[in-house]
4 protein chains.
Amino acid sequence: MSSTFIGRRLRLSIFGQSHSEAIGMTLDGLPAGLPVDTEALQAFLNRRAPGQNDWSTPRREADRPEFLAGLKDGCTCGAPLTAVIRNTNTRPRDYSKLKITPRPGHADYTAEVKFGGFQDFSGGGHFSGRLTAPLCVAGGILRQALAVRGITVDARIWELAGIRDEGAFESSVAEKSFPVVDDAAGEQMRLAIQSARAEGDSVGGIIECVVRGLPPGVGEPMFDGLENQIARLVFAVPAVKGVEFGAGFRAARMRGSEHNDAFCVNAGRVETVTNHAGGILGGISNGMPLVFRAAIKPTPSIARAQQSVNLKTLSPETLTVEGRHDPCIVPRAVPVLEAAAAVAVYDMII
Amino acid sequence: MSSTFIGRRLRLSIFGQSHSEAIGMTLDGLPAGLPVDTEALQAFLNRRAPGQNDWSTPRREADRPEFLAGLKDGCTCGAPLTAVIRNTNTRPRDYSKLKITPRPGHADYTAEVKFGGFQDFSGGGHFSGRLTAPLCVAGGILRQALAVRGITVDARIWELAGIRDEGAFESSVAEKSFPVVDDAAGEQMRLAIQSARAEGDSVGGIIECVVRGLPPGVGEPMFDGLENQIARLVFAVPAVKGVEFGAGFRAARMRGSEHNDAFCVNAGRVETVTNHAGGILGGISNGMPLVFRAAIKPTPSIARAQQSVNLKTLSPETLTVEGRHDPCIVPRAVPVLEAAAAVAVYDMII
Amino acid sequence: MSSTFIGRRLRLSIFGQSHSEAIGMTLDGLPAGLPVDTEALQAFLNRRAPGQNDWSTPRREADRPEFLAGLKDGCTCGAPLTAVIRNTNTRPRDYSKLKITPRPGHADYTAEVKFGGFQDFSGGGHFSGRLTAPLCVAGGILRQALAVRGITVDARIWELAGIRDEGAFESSVAEKSFPVVDDAAGEQMRLAIQSARAEGDSVGGIIECVVRGLPPGVGEPMFDGLENQIARLVFAVPAVKGVEFGAGFRAARMRGSEHNDAFCVNAGRVETVTNHAGGILGGISNGMPLVFRAAIKPTPSIARAQQSVNLKTLSPETLTVEGRHDPCIVPRAVPVLEAAAAVAVYDMII
Amino acid sequence: MSSTFIGRRLRLSIFGQSHSEAIGMTLDGLPAGLPVDTEALQAFLNRRAPGQNDWSTPRREADRPEFLAGLKDGCTCGAPLTAVIRNTNTRPRDYSKLKITPRPGHADYTAEVKFGGFQDFSGGGHFSGRLTAPLCVAGGILRQALAVRGITVDARIWELAGIRDEGAFESSVAEKSFPVVDDAAGEQMRLAIQSARAEGDSVGGIIECVVRGLPPGVGEPMFDGLENQIARLVFAVPAVKGVEFGAGFRAARMRGSEHNDAFCVNAGRVETVTNHAGGILGGISNGMPLVFRAAIKPTPSIARAQQSVNLKTLSPETLTVEGRHDPCIVPRAVPVLEAAAAVAVYDMII
């Protein structure tokens, strides 16, 4: 596996399976003296944590990281930072039959092919969305470190079940229990989730993330530009099937005269009149807000019967997935994308 | 800069500026004994080369790579493979004023901020689309190596200026001068390009790339999955602003019951009935065709006057870009995306 | 810091400080299905563990790794393998004054300069020899995995306090409490250690490590050859100040006609008559035993008064180091070098 | 192969075979605006170049690098720097029979095993000492860049054929045709080389390299410390069989009270009274001169008949190597080690 992100300076190693003793992360390459506000970090982690409301899985985990190393008196000490979260509320019996009859839309089948039957199947193993918790520990800390430098990383639901959050995304919606700008749209989204749940189904959506305060000149051309790095991290989040920057796919239908962001001067700073580029030109930040969106597929675990195959007999089998699942992971994925972006951006500026 | 792609086994180093002595690449990590069909490679490179038709820049470059090292008797010898392409047809005078007055939509401004005035500005320097030629040398060779293993990498224009190529993409369109399935749609696209050119403007589009023949089990979870690797390479292509796999952004509007690809057995092989996942589950191939699309923004270099800023005086300036430019790079980018995909996929299977 | 070893396939992340909650490691990139014999591993770790005899520090730590993730039913499951060892027997009060008055021969001063006062100074922090315990967890597991393939990794004390272990190193001395071939020489070495301890001093030595069973053709030329990789890992062990392969520094005094290992055929296999090359030609194994030696400096922590400097006042200060220290770490370093070699070699053969 | 050095910031890709069209290098990760004095670089390369005196091979190569990319107006422009050296004076006929009957002490056999007969055997291919020329291009440029920062990298012959250069190594001997401090010792060394040549034999030696002016605090603990990085690069130089820092292997015979470098204050700076540590504690520079030595084995190519094996018939064969060879590569290796050290150190300080 390659569960180690090797950035320019940072190395982020994420470990654990859904039902192993613990999950966790080691973040290597941090400077010494970085303050870590564990209370604010916990609040950040709580935005992702399951079992807190009506639209997510009833599995409850405290998701309280224990820092084993790398912290001293509330600051990084220069040594690798390691945090673990114990897995307490596991119900392995839910997953026994999926080893032979893989769930559509899940990694059950591909993992079985790759790991030849040795994988820790239970709960999705290392492929579980639960592994985004340690990503949030790392990203939550780096998001704090960016904030100290005046760089904010905020995401919102941009669309869910086809319902758009039309409002301008000017500031964080992090304090909201449902991270949208337009609460009326948010209410519709929640209804769509409940309706999907009632029908034993699930819905997906699109998350928008904005990084503000990034100075111009951050990034690289070619293989390690801002887009490459962010995309590489964002595709580490299960269920992400697309990433776009600025106008993104809509850019493909624009003409150059419309898409090119004209330069202007604002308060002595070079800016652009529009921001179709999403703050990135040639892989390098131009000082405008860095904007990207990620497409989240509908949760593959649904209550409805689905068509699968028995891998031993190669005969068709109808599968009804039991266990506890989110009818929509989009709201919980919002801080996860902030975390992924924070890792990518912080790695580019140290 | 980070113009070295560090894959699992491959290291691809791309060098050169638009108007330097030469551009080229070193590909390290290849096994010994890989045959290189230089004639087929040249045909592949010609699909990208400029100046061959009415929709691309009149700049003509032979784009014939000279192999300096790594080849012996038509096969790789295990040592790094290095090829260079001399820059012969350069007109540096076209670019003199852009150092102070950056072109909207280009990396002129961000490169100037990052490299503090030392960059080789001429022709776009290292940021020029011309640097996709060495990527095509590397990718063209690896595409051959994949073909030997029964894995094909083919792309087509999926949409251009809003016009869709609706046809099912069953086989390569590489032999066509305009790479679409539906030639009638292709004709409309060409008209749209000519119309944009006539108006001093440009258009963008979406390219679809399909990798067939990939066995199940290729890839990794988390940071180095197929999606992460492909995205990392595809965003190295200038003008790409979005990448999606399988149903991609459309997945966000589907329900799980619709998006999940039901498993079935076909000729003794596990397959899926639909392919919304684009052949990837959990970062790992499932044996179905790997499908991705990339959004290409309209060429930023347009003949129309644009609003810019004089970086010395910080006063507004109207800029009219001279020089030779494509009104649409989408057709030429088709083999480039095949090359990027071939590098990503080959690196995952050796 | 860079406490993550990035090999060809393996990523080994080591974390912890001497007095942090725990120390540990994550080993990413292992294949699934590798059996881990935890009892044999514990025996291996015990060879390194402190407090077990008269020549090492009285600090006692159980050094029992807890596997948090990556193991299932005694085998690797493909997910990263994480093990932690709790730090239980810490006496932080021993180290309070060393922050201002650095110990000669230690990293106290350089760490203070680098980490600007934020480092976790206590017990040597991340620089402590204690961090070789997680290296031994990783290396001990990989040494088992190599043994399954018929590759053995064994080390012995080659010289200690100037006393040579002259015997031919044909097989493992791992089961011995003092790892030498010639027990009489070993007895002399132990006397030398006791004598140094009695005088408040310490001694160093040279460890020889032999890897047998490695097939020819393993390795790479240039930057990632066997020598480069082994050296890179061996210099991660505190107190190592030199590494040599085969005849090593003695080769510098040989003539080519003496040093060149003549080829011969033995039982249908190409071998060499002598093994001055230490089993490596051009960075690649030649099928002969891979032999290297590492010079271990005398333990810097000695009871004698030493000359230091007060970093605040920049005035000279006489320092007497308290705390518990080994008068010689060479015996305990023997399995550590086996571990380092096992990581390097295993990474080259998968 | 892995002929790409991946440092913290730098990526150095070295390509070419002894008899390929060209050899060369791409150095990626340099800041923009670094001046390159090509004349001084040529003088540096001439110190390594063959055919200039009575102790090296009569093969003459101009070894004049052509910069294909990355330079503008004598400065780096931020894009990767690529230089090639054409191979002009190749005599491939000299090497025809060595493919079947490998030379003792060379990589002929191991390369044949690894590359399965596809390697470019001629002249040693990619394993040839000739590939140290591009390393010197990279290192020569970085040595200039270090000098601008007050950091000098100088090496000398420390021992050759058992003859020591006893003099204190205070400043560069780069301007000397034979790089020793004590010219009388140097004369003896030259006689030893001539004597070896006359007898169809070769001699080895030890090179000492000193980096002065390095501030304290440069480096890392564990896997990417100064020692690890330097060792990794130095073992990329063919014929190096050992590396030691400071007192190195002699440290193994010292007591702690003797080896520990006492701290003192000199002109307001923390220094050490002795420098047995070679300027490195815990992988991090302590402000004292960084000192290391590398053991160079005697040139394996000797005129004398040697015992080899016919790889096809597996029968013994007596081999007499023809072609042009150095009876001693130690003098020419002096700038190569400076280059390796410069790459390692520069990568640690940017």
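Below is a short write-up of the structure. Only a predicted model underlies this, so the values are computations on that prediction, with no experimental measurement involved. (Residues numbered from 1 in each chain as written. Chains lettered and ligands numbered in written order. Predicted model: local features only at pLDDT ≥ 70, side-chain atom pairs only at ≥ 80, totals over all residues.)

On to the interface of chain C and chain A, then. Taken together, the contacts link 38 residues of chain C with 38 residues of chain A. Every element with two or more residues in the side of chain C that touches chain A is listed here: β1 (4–6), β2 (11–15), β3 (22–28), β4 (66–69) and β7 (81–86) of chain C. Of all the elements, β3(C) adds the most residues to the side of chain C that touches chain A, at five residues. Its residues placed into classes, the side of chain C that touches chain A shows 15 nonpolar, 18 polar and five charged. (Contact = placed C-beta atoms within 7 Å. Helix = DSSP H or I, 4+ residues; strand = E, 2+ residues; numbered from the N terminus. Nonpolar A, V, L, I, M, F, W, Y, C, P; charged D, E, K, R; others polar.)

Look at Ala239(C): it is not a glycine, yet its phi comes out positive at around 85 degrees. Its location among the elements puts Ala239(C) in the loop between α5 (226–234) and β11 (240–245). In this structure, Ala267(D) takes a positive phi of about 55 degrees despite not being glycine. Residue placement: Ala267(D) occurs in the loop between β12 (263–266) and β13 (269–272). Judged by the 5 C-beta atoms lying within 10 Å of it, Ala267(D) falls in the exposed class. (Buried ≥ 20, exposed ≤ 12 C-beta atoms within 10 Å, placed from the backbone.)

On to the relation of the copies chain B and chain A. With an RMSD of 0.0 Å, chain B superimposes on chain A once it is rotated by 180 degrees and translated 0.0 Å along the axis. On the angle and the small slide along the axis, the relation comes out as a two-fold axis. (Least-squares fit on C-alpha atoms with pLDDT ≥ 70 in both.)

This next bit is on the relation of the copies chain C and chain A. Note on the identical chains: chain C maps onto chain A by a rotation of 180 degrees and an axial translation of 0.0 Å, with an RMSD of 0.0 Å. The share of interface residues of chain C whose copies in chain A are also at the interface is 100%, consistent with both copies meeting through the same surface.

With that out of the way, let us pick up the environment of Leu68(B). All names here are of chain B. Here Leu 68 lies in strand β4 (residues 66–69). For Leu 68, a count of 26 C-beta atoms within 10 Å translates into the label buried. Sequence separation between Leu 68 and Ala 174 is 106 residues; the distance between their C-alpha atoms is 28 Å.

With that out of the way, let us pick up the packing of helix α5 (residues 226–234) of chain B against helix α7 (residues 330–349) of chain B. Residues and elements named next belong to chain B. At a minimum axis distance of 9 Å, the contact between α5 and α7 shows a crossing angle of 140 degrees. Taken together, α5 and α7 sit at an angle that is classed as oblique. Crossing of α5 against α7: the hand is right-handed. In contact with Leu 226, Gln 229, Ile 230, Leu 233 and Val 234 of α5, α7 contributes Leu 337, Ala 340, Ala 341, Val 343, Ala 344, Asp 347 and Met 348. Within the contact of α5 with α7, the residues separate by chemical class into 10 nonpolar, one polar and one charged. (Axes fitted to C-alpha atoms, helices over the stretch in contact; angles between N-to-C directions. Parallel < 35°, antiparallel > 145°, perpendicular 65-115°, else oblique. Left-handed = near helix turned anticlockwise from the far one by under 90°.)

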